Structures are given as C-alpha cells and as structure tokens.
Protein chains: 4
Amino acid sequence: MTSTLRVAIIGHAFMGRAHAHAWRTAPRFFDLPARPELAVVVGRSAERAESAAHELGAAEWSDDWRAVIARDDIDIVDVCAPGDVHAEVSIAALAAGKHVLCEKPLARTLPEAERMAEAARSAPAGTRAMCGFSYRRTPALAYAKRLVADGRLGTIRHVRAQYLQDWLTDADAPLTWRLDKEIAGSGTLGDIGAHIIDTAQWLLDEPLEAVSAQLRTFVAERPVLSEQRGLGGRAAADAERGPVTVDDAVAFTASFASGALGVFEATRFALGHRNANRIEINGDRGSIAFDFERMNELEFYDAADADGEQGFRRILVTEPTHPYVDAWWPAGHGLGYEHLFTHQVVDLVTAIAEERDPSPSFDEALSVQRVLDAVERSAAADAVLTQVGGGA
Amino acid sequence: MTSTLRVAIIGHAFMGRAHAHAWRTAPRFFDLPARPELAVVVGRSAERAESAAHELGAAEWSDDWRAVIARDDIDIVDVCAPGDVHAEVSIAALAAGKHVLCEKPLARTLPEAERMAEAARSAPAGTRAMCGFSYRRTPALAYAKRLVADGRLGTIRHVRAQYLQDWLTDADAPLTWRLDKEIAGSGTLGDIGAHIIDTAQWLLDEPLEAVSAQLRTFVAERPVLSEQRGLGGRAAADAERGPVTVDDAVAFTASFASGALGVFEATRFALGHRNANRIEINGDRGSIAFDFERMNELEFYDAADADGEQGFRRILVTEPTHPYVDAWWPAGHGLGYEHLFTHQVVDLVTAIAEERDPSPSFDEALSVQRVLDAVERSAAADAVLTQVGGGA
Amino acid sequence: MTSTLRVAIIGHAFMGRAHAHAWRTAPRFFDLPARPELAVVVGRSAERAESAAHELGAAEWSDDWRAVIARDDIDIVDVCAPGDVHAEVSIAALAAGKHVLCEKPLARTLPEAERMAEAARSAPAGTRAMCGFSYRRTPALAYAKRLVADGRLGTIRHVRAQYLQDWLTDADAPLTWRLDKEIAGSGTLGDIGAHIIDTAQWLLDEPLEAVSAQLRTFVAERPVLSEQRGLGGRAAADAERGPVTVDDAVAFTASFASGALGVFEATRFALGHRNANRIEINGDRGSIAFDFERMNELEFYDAADADGEQGFRRILVTEPTHPYVDAWWPAGHGLGYEHLFTHQVVDLVTAIAEERDPSPSFDEALSVQRVLDAVERSAAADAVLTQVGGGA
Amino acid sequence: MTSTLRVAIIGHAFMGRAHAHAWRTAPRFFDLPARPELAVVVGRSAERAESAAHELGAAEWSDDWRAVIARDDIDIVDVCAPGDVHAEVSIAALAAGKHVLCEKPLARTLPEAERMAEAARSAPAGTRAMCGFSYRRTPALAYAKRLVADGRLGTIRHVRAQYLQDWLTDADAPLTWRLDKEIAGSGTLGDIGAHIIDTAQWLLDEPLEAVSAQLRTFVAERPVLSEQRGLGGRAAADAERGPVTVDDAVAFTASFASGALGVFEATRFALGHRNANRIEINGDRGSIAFDFERMNELEFYDAADADGEQGFRRILVTEPTHPYVDAWWPAGHGLGYEHLFTHQVVDLVTAIAEERDPSPSFDEALSVQRVLDAVERSAAADAVLTQVGGGA
C-alpha cells in the first residue's frame, strides 16, 4: 500500500459516524490498493466538530468546508450532511479536483441532480464521484446481483420492493430535518424510496420507464424538534407544531423496459417494521427475496431444482465465496449495518486506485432522481387515479 | 336439527369437490340449525355427472340445470361452474326462490354482476344469495377481522395485499378456461385479485375509492389444453397454440375513503409462491400480517406492548377462542384449505335458518366487481403512467 | 370397488371423531380397492354412544364391545379408547379374526405390548393389525422418508426430535385420564414421546439401541376433572386435588446402531408450543427439518447444491408428486391435522385389500414400546446422572 | 476520559483479529471511563506478529510474551491464543498484576482451570480477570437475561440449548489445532459446548447440578492441515492423515438445582447450520428463544398476553432500550458478530475503571469447566446408557 487518501467528512451525525467507522475499519480487514485516512471533520459548529473529531478519530476539524476543500492535502470529500448542501459542496469539491462520495439521495430536485452529474462529468480528469447507495454493499444483495447477472432468474417478470419503517407512526414524533422539504427535498420518497429504486435498477440492470404513484402525508403538523437523536429525536412537552412539508409514504407501480412489472412502496408508518428494506424478484427461472431486517440471508428459489424438491432456500450469505465476506469471519458469523459503509469505502478506494469510475456514479444516482421526479409528477396528476364506480 | 336443506351443486371440478366435502362435513363437526344434504350433482355431461355424484356422495345427478332448479325438493343451488354460467344459473335459481351460493368472482363483467345483485334483491322473500369468497372463513383472517373491528389496529394507514401464484410461469403451461376471457371474464384479476380486494374491503369495512392499475399478459399464446387437472392441466406435445385473452398479472395502488393507502398485486408468475394469498395492514396502534401458505398463523403487532418488548407475534390461530376453531381439534392441530368451505356452509346454513342475509351478499360481491372494473378501466387509460424522463 | 369393509369404532372422544372423519372421507378423495363404512360406534354409555353415532354418521351404536366384536358383519375394529382397553379389545378382536387399528401408544407396558404383538402374529390368517402412529401420514414426513431412503441425506449423524406442548403449564389444569398411570401407562412419554420415537425409527429404518433418560413430574397434584374437553378440560373451582401419577416431561439422549446420536425431548410444559412435533436429521449429504405446527412444509438442505447457493429449502409439500397430495387440492392449498387419519385409512384399507401387513404393524409399535420401557428403566437408575463437582 | 489502558494481545488469528477490532472500536462508540489502546501484538513468529501489528493497528509486536508481560506500560493481557497457552500466560500475567482477558474455554482440563481461578483470586489487589464468553454480549441474549431476572418467565421448567455447526461434516476437512486434545483440551465440547453451558447458567443464574452425556467422534482420522483458514483450513491433496483426538459432537441431558430439565447438544456435523448457537427457555409465565444465526432477534412468549393473542413475538433487539444498542444505529439496523467483542471491551474497561470484578470472572468460567469435566466423566461411564431390550 503505497499511497494515502486523506478524507474530509462533511457532517458528523448518524451518517458521519457510519462513514467514519468505515474509513477507519476498511484498511484493517481489506487489503486495499491505497490507504484511506480520516483527516478532517467538518460541521456547522466548530465546537461540535472538534468534539466529533475526537470521537471519530480525526486529527483536525473545521466549520469551513470551503477552506477544507481548498486544501492540497485532502483527496476525498465525503458529504454526509443533509440534502440541502449536497449540491453546493459536491460541485465545489469536484471542481477542485477532489473525489466525492455523496450521501443519497443525490439531490433535492432533478435539476439539482443534473447539475451535480454534470459537475462530475466536467471535473478534472481522474476525479471520481460516487453516490452512497450503501445497500448495494450488503453481501446478500451483491450476491443476488450476481445470480441475476448470471441468468439464474431468467426473464424477469416481477419486482416487488418495499422499504418499511415505522418511526413516524406516532403523531407526536417531532419535526426533524427529514420532514422539511427545503432541506430534504422529499420525505420517505427520497430518503428510503430512493434506496429501493436504486436497488431494483441496479439488480435488473435496466431503468424504470414509467410509474404511476400516490404520495401521502398522514400527519400534517408535528411538534418542533428540540434534540435530534437517531432518525428521530425529542420535542419539548409544550413544543409548538410546525408543518410537515414532505411525504410520509409513497406507493407506485412501475414498468421496466423489458416489460417487467414493478410494485414499490416506502413508508415510515408501517408499524412493526423498523427497517424492512425488502425486494423480491420473480423471473421465469428463479426468484430471490431479501429483507434487510435479516441482512445476512437471501432467499433463492431455483426452478431447476427437481420436482418436489423446489422451495425457497434460505442462504446464509456468510460464506467466503460471497461478496465481501472473505475478509470477515467464519461462516454463520453475521455482519451488521455498518459493514455496508466499510464495503463502500473498499469499492471507492479500489476504483480510485484503479483509475476508473466507482458505481453508483453520479449518473446512476441521477437515474434514480429521474424516477423520484416522475413519481412526484405522477402523484400530482389528477388522471392517475380511476374512481371506483358507486352503486345506482 | 329439524329441517333439511337439499343442495344441488352445479359443477364438479376442483370447486365442486371442495364444496361437496363441505356439505358432507359441516354437520358432522358443527351443531347446525338445519341439516344440509348434497342431493344432486349437475354437469355438462350426464356420464361425468353420474361418476361425480358417486364420488362426492350425492344420490342423484343431471345434465340439465334448469330441470334441477325447477324441482321443489331443492333448497340451495351451489354454483361451482366457470364464470360464464354464474349469471344465468344464479338469476334463474333466485327467481325460482332457491338460495344461491355462487363462486367468485361473482361475474365476468360489471353489468353482469349488477344484474345478479338485482336478482338477489328482487328474489322471493326469504331467498338468500351468497358469494363464495371463502378466504374470509380462514380462522386467522376471521380473527384479524375481529382485531380490526375492536380497534386494535387504530387508524389504518396501509393495506398491502398480494396474491402470488406461479402455475403459469412456464410458457408451455396449457390454455385452460381460466385464460379465456369469454369464460372467465378476466384472468388473474378476477380469479385471485378478487379475493384480496374482498379481503381488504371486508377487513377494513370500507370500500376502495380509486385505483391506479397496470395489467400484464406475459405469455400471449399457449398450447391448447387436452386434460384439465387442478388449476392447470396437460397439453399434447404437438398441441396448437391459442391466444391468452386475459391478464397474467395485475398491480394497482388504491385509495380508501379513510385515506389509507393500498397496494395490491396478483399474479400467476411469482415463481416459488404456490398460493401466497397475503395481506398486511398497518394502523397507528397495531399491524397484522397473513399468508395463506401458513394459513393457521396470524402475525400481530401491538404498539401497546411495552418498549423493548414489541414485535410481531406469531399467533397459532388454533385456540378454542378463535373463530370456527372450537368445533375442530386441540390447539396446535392445524386446519387445511377445505375447512374454508366447511365454514362457509356453516355460515350460509346458519343465515338461512336465522332468516337473515349471509355475508358476502351479492351486493358485497358487486362492490368487488366494481373494483375489478375500475382496475380494467385504469389499466386501459394512457394517462395512468408517467414517463421517467431520459437524459439530455 | 367391489367389497365393503365395515368398521366398529371403540371410543368416540377426540380420537374417535378424527377416525370417524377419516372413514367417511377417505373413499371420497381416494380411489380405494375396498369401501370402508363406519357401521357402529361403541362407548361406555349407550346414550352417549347413540349421540356420537348420529354425530359421526354411523347407523348403529353399542355399549358392549364384546358383542360388537362377535358380529359377522364387522370387518375392522378401530380402537380409539384410552390405553387401558387397548390390549383387551385388540387381542379379543384379533382372535375373532377382525382387522385391528389401535391407537398409540400400543400399550401401557412392555409386557402388555408383547402380548398384543403376539396376538397379531397368531391371529387367523389374513387378519391385519396396525398401530395409529398417524404422523407418519403427514405428507411432509412421508416425503422426508423418501429422501432418507433415497440416500439424499447420506450417512446419518444426528437425530434431534422434540414434541413440545404446553397445556399442562398451568398448575391448575385439571387431572385428566392422560395423567393417570393406570389408564395411560405413562404421561408425556407414551402420549407424545412415542410419536417422535416412532418417527425417528421409521425415518432412519433402524431401532434405537440405547438411551439415557430423565423424567420429570413438575406438578404433583392437580384438581380433579369435571368435564373433559380436547386434551384437557375443566375442573370445578373448589375441586379436590388428586395425584399426577405420570411424567410431565422426558428428555433422553439415544444411540442408534449406525452410530447416529439422538436427542429426544417431549413435554407438556413448553410454554408457547401448542403442538410442536419436530424432527431434524443431519446426514453427511443433507439434512431435513420438520415442525408439525407448519405441517405442510419440509426444510431440506442438500449439500450437493453449489457453493454459495446452499441453504435450507422451504418445500411446500403440496405438489402432486408428494405422498398423498395428488388426491387433494392444487399446490399451495395446504392440508390439516385430520388428513393424517384419512391417509391412515387409505393405507390400511389398501393393505387389507392387497393382503399384506400394514405399517406400522404391532411389531413395529412393540419396538417403540421397548424404547419407552428402556427410557423408564434408565430414568429410574441412579447411575444415569453424573454430578457436577462443586468448588473446594 | 483520563487514564489509558494499554493492551497486549497474545495471538493474532481469528480471535486476535476480533479482539483487536474491539479494542479499536469500543472507544469510538461508547463513552468509556478509560481509554483502551492496542499496544503490542504477540505471536510465535516475530515476522508474522509484525505483519499482524500493522494490520491490526498496534505500534509494537513481539514473539516473547514473557517480556511483554514484564513491561510496566502494559495494563491488560488479552489471551487469544489456543487453549494450551491459556493457563501459563494468564497465571503469569495475573501474578505480574496485569488484568487478564482470556478466551474460552478457560482451560483444557478442570485442574488447569482451578489453577487459573486460584491465580485470579491471589493476584495483586485490583487485578481483574475475565473469560471471553462473548455471546453474553449479544444484545438479544443480554435482553433475555433481563427478562429472566425480572421474573417474566416465571419458574423455569426447560432449557433447550444447541450449538450447531457443520464445518467438519466433510470427512476430508483437515486436522486443525481444534481437533488436537493436547492443544484444545476437548473438541466441540469445549469450543462451542462451553458457550451454551455458560449461557444457560448465566441466564438462569444457577449451575447445572448433574449431567448424563454422550460424546461422538464420527471421523477418526483427517488429512494433516497445510494452511489454517477461519475455523478450518486446507490440506494438500496427498496429505497424510492424523488422528482426531477430540469429540466431534456431544449431547447431554442436565438437571438444574431448581428442578429445571436441560437438554444440550453441540456438534460440528449438523449440516446446514453454520453457527446456530441456540437456546430456548420455557418457564411457567413465559418463554424465550434465540438463534445466533439471527442474532438481532429474540423470540419472547408472554403467557400474560390475552387469550387468543398469545404467540412468540419476534423482537428486533435493536431499540435504544436494549442492552448496548443505544451506542449504535437507529432501530432495525442490525449488529454483527464483532460487536460482541466490542461490548466485551466496554464491560471489561468499565469494570476495571470502577474497581470491581468483571463477569464472567475466572470463577464463573471455572463453573463451566466443571460441567465440561462432568460431561466427559459421564460419557466415559458405562452405566450412562440403558440398552433397549430386543425381541424374543
């Protein structure tokens, strides 16, 4: 390992912590072609950034991302801040010749995403841009991708994707930035709907062509947040209420170029499901099914199995032959959520060292944003819904 | 048990066998207010009807349903034949003052269903009509209904219903009557889609208001059938191909009056799922989930459970306190598919004896047909799909 | 179908109802070589036997089993009464040249079982005797038997069998006949332990050679029963308590001739398990796992699957190719508990018509009784337990 | 955080890597009262230790554990080497006043364990000793412990513990040190059987009193190893075979002081189970069930739930209220295997800082060793097995 890649993280909340762990951990388990080093933590407040730098293991901190981007000794800018700074920071960093890893969804709007993708295309030669659709790095999904690519599912007929959470079910859950359109761009749609759109397009290796969508905001006003915590947070007992300006849930049917029929649903109101990021794909030779709440498992049905012996196999995706797994533990000793980010670092660092674009590129993330945009346009159109006729 | 209810079954294939078993079995396990007796089996061929009568335990048979309906000693006409005879037989039987149990979907088209519902309304006083949405009689779903009605789920936010089968995945599976629009009215939509629509409307006790749908016919031509068998059958090796005139799969989002968001999907191409009739409902106080492939189980999540102790409970719906179960076996000794029909007989006979309308009435079945119709209209409309914008 | 086999059922409680349903139902779904006919119901009380005969569909009833056995028009005696009459009735019936189907466990004690097996051997030529280990007739287990017999599991290393119920967990559950050594012979051991012993010996096709056992009676006294109901019943609020004279739970390790290691456990105190009759077998080529609470499923692991693709397959044992299933419903439409008894009738009637011994014969049931006996001897021996050494 | 605890790791294979990750990671996610620092990696070969030190993030390395123990700047000695060095290193380190974390099983034999426990008792005041039964640190099991301690299970009746692996199923899997009695002390028994014994004693807070055991060595000779890898490794195609001197599998019934009945089984031949460390406990008020292959889940059955609503709840043990979880990710974002070791570091560092003994202490580990010893004595005794009587 000859070269070092020095990283500046922009943002140090939930995502920043996950990314920092990954930067620290990847070189300890994987034999990387370059050594990443978490150098600077950037936040809005210098004081909190300093505290985070100590906690996350960075030597430096700053409250001035422009200054950090201008430094010669920073190679990678890792954008973990909320959606309202994605475009500005990423575009500036790319222009400065820094590799960029930007959290998802890429942008708040399609035009913003287009500008970011354009920035990635026009960055100085050799500058790489990647969007953090981290679920692709779940070994079970990476293995599913291999099965699909190898034709083991045959012609795809159905994609059934759901991302079910329940942390907004309580009408008194507070108003976090994720519920503010100005910051987040959209609600459930962009936050978790984007993940299942990306997963589906990536697994099938084809884009969604058309959608028919409904959005819902079940709770219109919520108490103003006093302290962010995880995805949610706390509000004072007497907190004022402010408006929720994004969607709480989204459902849409979709059509793929190949004729496959897609059904997508994302919500934060599916009581009982904490983080059920699920996808099932049915082809004419096989099927796969996945639920992130059992992230170490993949269900695989192979129509080539003998009559009477067919059934979904519960594959524990913890074998050395499975993607990413060889670097970790013996079979049956499962991985957790943060491994996705560690694998993301492995893939990004490898791509940089090998002088090729990482995946998902900003253009791939843009193709997700186009679907988000189509979903919003569809849901806003009157004609999308056909009334069920009443009685005489 | 003083009176006897003599039954004529019209049709003796898969459904006829299931119904005949139910007529025989219900009075053995349940204490009924009237004794049903399978009297006549009616089929298109007198020879096959005779053979079926012997097999099913009826003393008589006929190939003339009009003659049978005209008999004074027949009380109930049980319509188990394909969809193209539902309307004609049911309307005639009702006019003749016979109670009618008609298989689902009620009709091939909305106008046909309207005529049938009208016939039920205008039948001689005391004549009862019921539609065979038998899945309502699964103890687990009947128990779910009780939980919903008792407010245990709170305000409903999401309905997620799927009916997944896979017997058409093979492009060489033969062309049965279920694939012929003239006979079946529609394909997957009416055959199994109707079940999940009925289940959803019944569980929530409110109708679907609007839908946005896609239909697919994945395989346009299939070999002509030589021998019906179960849902499918066999075709000769050199069989000609004929056109599939119905849908293979349907997906739609739906909107309930209450604002709940529905996602429905039915298909015969979900490889690996033989009969996954599934529904999940999320409210703001609880959730339930059901899959007919595990018909003796209901998943129930109760938000009132203490923090840290919450989780979906796998309830084995085999307790004496559960609907229908007390008549059967000790807890943990599960029931099978045909019990649904036995329970249907119990409910129909009880309603007749108690001189009230059974449920689902033809009007309830009509409300399902209105959704089927809206789905077809939606899927035929261009505006339902919004194109995902391409790149520059 | 030329001949008729007329059946007298001795006993009309839980087991009698299950058997009666089977006698009625088997000829309706299976093409049998002889037609069984439920002729007489026998009970201790003529009045209750009459009522049961009406309910179960028999034309005659009696409170005198000896008189019934003496009749020329009875071909099969079906012993569904508690264990204390198994030997007397079965031996007399066999001596009278009647085919006998006797519920399990065959007897209360090993000597009693030996006399019964001897009676079967010395009965008039062509007289058949079968013991009701009905779980063998679960399609999933019959299919597992086929996999084992075909060598798909290779050399067997482990058998892990549990029969978990929980209906005695409550210390106030009443004292039924199943808790009375005089009537039942033993408790959990003979009632449900016998099932898993039979299943294991049958699946492996080899007997248990040696055991090391513990028995437990957790609750020594219980309120005297006032009304039997299912497996348990009701006691008056002020009921006296009487002694439980049998085991509540049993656990033993076992050794098979082949060197396979067995672990068996049966209990009525496994809270949460209503009827978890489970077995798992691990060989060096494959494994199978089964739980009766999901009786339509078999888990199968095939080591011949490709690396990375291995996993337990959930086989829905509802295909036409699976044992017994072709007579029933389309794939995915599961069966229930009583089907086991219907299949038992099919196999017994077929064996009688084909003039060969059914399985399990009384000799096979005797081999189970030998294990029950060894378990009781082992549990009574002091040397079976090794003390864990204490501290200094 | 004022003080630093400098750690020397003895051994840098599978366990060493897991421990090193934990030392690095614990202070990044938990607010610890002292800062651990991985200082030295010790191995048999200086060259390999140097390479490991670079990989694992330690500044120093050594092939002389005695010299390392003698250093003043080492506070904790972390024994991750095979069992044959546990006693020697731990005793020396304790005598030198170093805190010791020693991998499990504590020792190869009971006398060795007794010497180690004595060394812990007689170490300089304030010196702490802990044994690495890491599974206790699974949040789901730590939460189960809380439920048991709170009386939510009531009086315990049954403990059913299994540790099922399958990496020795193939008779050509190579002869690793884990199969050598000189090094490992015992085979499956000590390696994984020890875990479930510890878990059971810890959850119930009472020791096993007596056991009745069988041991099996299914494959007597295996090819000599050429390269260790994970739990297994590789052998040359023409490798000689050497003797397996330990057990491949163990099964025993057990008796607790309270009268609870235990059934324990551990094996490396349970094909299809990679790492199924399972325990189920049934009390008279509730039950819990756990399988490490789904380490983020705990099944809990509460008899206090209303009639008809009872069932095992699948609790996703990822809530802030669950042990250890608050330091990590939002609910539903599961943890992996290595988190156990991170939590172990948290608990050890906290105990040291708070000047109290960590748990499991060497005395607790000794109580596990006593059970291992009793199992071996039982399995060696002839009287443990009762022969099943043969026929006449």
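Residues numbered from 1 in each chain as written. Chains lettered and ligands numbered in written order. Predicted model: local features only at pLDDT ≥ 70, side-chain atom pairs only at ≥ 80, totals over all residues.

Observations regarding the relation of the copies chain B and chain A
Operational definition: Least-squares superposition of the copies uses the C-alpha atoms of those residues scoring a pLDDT of at least 70 in each of them. We call two residues in contact if the C-beta atoms placed from their backbones are at most 7 Å apart.
Laying chain B over chain A is done by rotating through 180° and shifting 0.0 Å along the axis; what remains is an RMSD of 0.0 Å. The superposition of one copy onto the other is thereby described by a two-fold rotation axis. Every residue of chain B has its C-alpha some distance from the rotation axis, and the shortest such distance is that of B:V384, at 2.3 Å. Comparing interface residues between copies, 100% of those in chain B also lie at the interface in chain A; the contact surface is shared.

A look at the relation of the copies chain A and chain C
Take chain A, turn it by 180°, move it 0.0 Å along the axis, and it overlays chain C with an RMSD of 0.0 Å. By residue overlap, the copies meet face to face through one surface: 100% of the interface positions of chain A are interface positions in chain C.

Examining the interface of chain B and chain A
Defined as follows: Each helix is a run of DSSP H or I of at least 4 residues and each strand a run of E of at least 2, with the numbering of both proceeding from the N terminus. Between any two strands, at least two bridges found by DSSP are needed for them to pair.
Between chain B and chain A, the residue contacts involve 48 residues of the former and 48 residues of the latter. When contributions to the side of chain B that touches chain A are tallied by element, the ones reaching two or more residues are strand 7 (156-164), strand 8 (208-216), strand 13 (249-256), strand 14 (261-267), strand 15 (276-283), strand 16 (286-291), helix 10 (362-380) and strand 19 (386-387) of chain B. Sort the elements by how many residues they give to the side of chain B that touches chain A and strand 8 of chain B lands first, with 7 residues. Pairing of strand 8 (residues 208-216) of chain A with strand 19 of chain B involves 2 bridges; the strand directions are antiparallel. Bridge pairing in strand 19 of chain B places A:V211 opposite B:T386.

Remarks on the nonpolar core
Quick note on the threshold: The term nonpolar core means buried Ala, Val, Leu, Ile, Met, Phe, Trp, Tyr and Cys residues held together as one set by C-beta atoms within 7 Å. Any residue surrounded by 20 or more other C-beta atoms within 10 Å of its C-beta is treated as buried, while 12 or fewer makes it exposed and the intermediate range makes it partly exposed; C-beta atoms here are placed from the backbone.
In terms of nonpolar packing, the biggest core is built from 572 residues, with A:V211, B:V211, C:V211 and D:V211 touching the most fellow members. In this structure, D:V211 is in contact with C:L385, C:T386, C:V388, D:F252, D:A254, D:V371, D:A374, D:V375 and D:S378, ignoring residues within four places of it in sequence.

Some words on the domain arrangement of chain A
Residues and elements named next belong to chain A. Where we set the bar: What fixes the domain bounds is an automatic or database domain assignment.
Here chain A is partitioned into domain 1 (3-134) and domain 2 (139-294 + 296-335). Relative to domain 2, the C-alpha centre of domain 1 lies at a distance of 25 Å. Tallying the contact residues gives 13 residues for domain 1 and 13 residues for domain 2.

Here's the deal with the UniProt feature "domain: Gfo/Idh/MocA-like oxidoreductase N-terminal" (unreviewed entry) in chain A
Let me state the cut-off plainly: UniProt positions are given in the numbering used here, feature names are shortened, and annotations may be inferred rather than shown by experiment.
Feature annotation in UniProt places "domain: Gfo/Idh/MocA-like oxidoreductase N-terminal" (unreviewed entry) on residues 5-123 of chain A, given in this structure's numbering. With 46% helix and 22% strand, residues 5-123 of chain A has end C-alpha atoms that lie 18 Å from one another.

Details of the UniProt feature "domain: GFO/IDH/MocA-like oxidoreductase" (unreviewed entry) in chain A
According to UniProt, the positions carrying the feature "domain: GFO/IDH/MocA-like oxidoreductase" (unreviewed entry) are residues 143-288 of chain A. End-to-end, the C-alpha atoms of residues 143-288 of chain A are 10 Å apart, and along that stretch the chain is 19% helix and 40% strand.

Thoughts on the interface of chain A and chain C
Quick reminder of the rule: Residues are grouped as follows: nonpolar covers Ala, Val, Leu, Ile, Met, Phe, Trp, Tyr, Cys and Pro; charged covers Asp, Glu, Lys and Arg; every other residue, Gly included, is treated as polar.
Listed per partner, the contact involves 14 residues of chain A and 14 residues of chain C. Ranked by residues supplied to the side of chain A that touches chain C, first place goes to strand 18 (residues 312-316) of chain A with 5 residues. Split into classes, the residues belonging to the side of chain A that touches chain C amount to 4 nonpolar, 5 polar and 5 charged. Of the pairings in the sheet, the one linking strand 18 of chain A to strand 18 (residues 312-316) of chain C comprises 3 bridges and is antiparallel in character. Bridge pairing in strand 18 of chain C places A:F312 opposite C:R314.

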